[in-house]
Amino acid sequence: MQFSVITLFPELVESVVAEGVVGRAEKRGLMELKCVNPRDFTEDVHRTVDDRPYGGGPGMLMRPDCLLKTIRSERERLGKAKVIYLSPQGKPLEQSMLQALSEEGSAILLCGRYEGIDERVIDLEVDEEWSIGDYVLSGGELAAMVVVDGVTRLLPEALGHKGSAIEDSFTDGLLDCPHYTRPERIEDLDVPKVLLSGNHQHIEKWRKKQALGRTQLRRPDLLQNTELNESDKVLLIEFMKEIKT
Ligand SMILES: Nc1nonc1C(=O)N[C@H]1C[C@@H]1c1ccc(S(N)(=O)=O)cc1
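Residues numbered from 1 in each chain as written. Predicted model: local features only at pLDDT ≥ 70, side-chain atom pairs only at ≥ 80, totals over all residues. Heavy atoms only, no water.

S.K.: An account of the environment of glutamate 157 is requested, with residue identities and associated values reported.
M.R.: Looking at the secondary structure, you find glutamate 157 in the loop between helix H6 (141-152) and helix H7 (164-167). The exposure class of glutamate 157 is partly exposed, given its relative accessible area of 41%. Taking the C-alpha atoms as reference points, glutamate 157 and serine 4, separated by 153 residues in sequence, lie 21 Å from one another. (Helix = DSSP H or I, 4+ residues; strand = E, 2+ residues; numbered from the N terminus. Buried < 20%, exposed > 50% of the residue type's maximum accessible area, 1.4 Å probe, protein only.)

Below, the structure written as structure tokens:
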């Protein structure tokens, strides 16, 4: 997977690949991340990347000329890469979008600063606009790092245990089940006995029931989009009965 991140703050984005899953994936050649600074595509002596908005209004916008040059340079380098602009106006980010992007092999992530970017850049060179939430950040870099992290952990072999990403929340449209590790008892709270049983069929059934129940209680909206099979419906009914007792 090749990421190109267009940003005025490369060091901020590069910090995400310094450690952890993303850092190890890059070191192992599973993912490559290159930051490109639009300031390097300016032609004036002050390397100006922003300007005042036409029509007045607060703040500044990123200029279109240096952004278009930067995007086109990266398109030439990466070939068919999709250009994704991170902004509050974008499509709300979901796991399925990360999964699809992880299968594309490359992406150019455009990070806005100030009050955003000139609309003509979106008209001419942006393929998709994505939002990580209904709030305004000071820069799109944090959103880009969310995308880089979320995609990288889905790359084959990126996680230590092959099954990890598959068992994540949202992979099957459900929230994740509870997880436990040593010690068995802490502050009078025990690990659920089924997890100590060694009976993998029972453990799998318990985990599925917990995932279904948690989703029903915390995010019933997710169940609207999920077709439950008969056995899952029975598990969910059992869960809901158990919590009422
Ligand atoms: N939420 C987000 N999800 O992804 N990016 C997000 C974000 O806040 N980016 C902000 C820096 C950039 C930005 C872009 C557009 C606008 S504007 N004028 O269109 O409102 C305001 C701020």
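S.K.: Give me the lowdown on the packing of helix H4 (residues 95-102) against H6, citing residues and values where you can.
M.R.: H6 packs onto H4 with a crossing angle of 70° between their chain directions and a minimal axis gap of 9 Å. With respect to their mutual orientation, H4 and H6 come out roughly perpendicular. Remark: the crossing between H4 and H6 carries right-handed chirality. Contacts between H4 and H6 involve Leu98, Leu101 and Ser102 from the first element and Val147, Gly150 and Val151 from the second. (Axes fitted to C-alpha atoms, helices over the stretch in contact; angles between N-to-C directions. Parallel < 35°, antiparallel > 145°, perpendicular 65-115°, else oblique. Left-handed = near helix turned anticlockwise from the far one by under 90°. Contact = heavy atoms within 4.5 Å.)

S.K.: Go over the site of the ligand with me, naming the residues and quoting the values.
M.R.: Among the 19 residues in the neighbourhood of the ligand, the closest are listed as Gln89, Glu115, Ile132, Tyr135 and Leu137. Interatomic distance of 3.1 Å between a backbone N/O atom of glycine 133 and a nitrogen atom of the ligand. Backbone polar atom of tyrosine 135 to a nitrogen atom of the ligand: 2.8 Å apart, as the coordinates give it. The protein chains hide 87% of the 500 Å² of surface that the ligand would expose on its own. When residues of the shell around the ligand are traced back to their parent elements, those giving at least two are strand S5 (82-92) and strand S7 (128-131). (Near = heavy atom within 4 Å. Polar contact = N/O pair within 3.5 Å; in protein donor to acceptor, adjacent residues only side chain to side chain. Areas by Shrake-Rupley, 256 points an atom, 1.4 Å probe, with all protein chains shown as cover.)

S.K.: How would you sum up the sheet that holds strand S1 (residues 2-6)? Please name residues and give values.
M.R.: A sheet is described by the order of its strands in space; here five strands give the open sequence S2-S1-S6-S5-S7, paired in parallel fashion. What marks the edges here is a single partner per strand, and that holds for strand S2 (32-36) and S7. Within this sheet the neighbouring strands show an average axis-to-axis angle of 30°, counted without direction. Where S1 lies against S2, five bridges are found, and the strand directions are parallel. The residue of S2 that forms the bridge with phenylalanine 3 is leucine 33. The sheet contacts of H4 involve S5, strand S6 (106-111) and S7, and relative to S5 the element is tilted by about 175°. (Pairing = 2+ DSSP bridges.)

S.K.: Describe in detail the nonpolar core, supporting the description with residues and values.
M.R.: Buried together is how nonpolar side chains tend to be arranged in soluble globular proteins. Grouped together as the largest cluster of nonpolar side chains are 29 residues, with contacts concentrated most on Phe3, Met31, Leu33 and Leu109. Of all the elements in the fold, those that place two or more residues in this core are S1, helix H2 (20-27), S2, S5, H4, S6 and H6. Here leucine 33 is in contact with Phe3, Val5, Val13, Val17, Glu26 and Val148, once residues within four sequence places are set aside. Counting 18 residues, the second largest nonpolar core, distinct from the first, contains Cys66, Leu68, Ala81 and Ile108. (Core = buried A, V, L, I, M, F, W, Y, C linked by side-chain atoms within 4.5 Å.)

S.K.: Any chance you could break down the side chain of aspartate 118 for me, citing the residues and the numbers?
M.R.: Take aspartate 118: it is sitting in the loop between S6 and helix H5 (119-125). Every residue in contact with aspartate 118, bar those within four places of it in the chain, is listed here: Met62 and Pro64.

S.K.: Kindly report on the packing of helix H8 (residues 200-218) against helix H10 (residues 230-244), identifying the contributing residues and their values.
M.R.: Helix packing for two helices is described by the angle between their axes and how far apart those axes are. Direction vectors running N to C along H8 and H10 enclose 70°, while the axes themselves pass 9 Å from each other. In terms of orientation, H8 and H10 fall into the roughly perpendicular class. Facing Lys205, Lys208, Lys209, Gln210, Leu212, Gly213, Arg214, Gln216 and Leu217 of H8, the residues of H10 in contact are Asp232, Leu235, Leu236, Glu238, Phe239, Met240, Glu242 and Ile243. For the contact of H8 with H10, the class distribution of residues is seven nonpolar, three polar and seven charged. (Nonpolar A, V, L, I, M, F, W, Y, C, P; charged D, E, K, R; others polar.)

Read these as layout, nothing more, since geometry by itself doesn't imply function.
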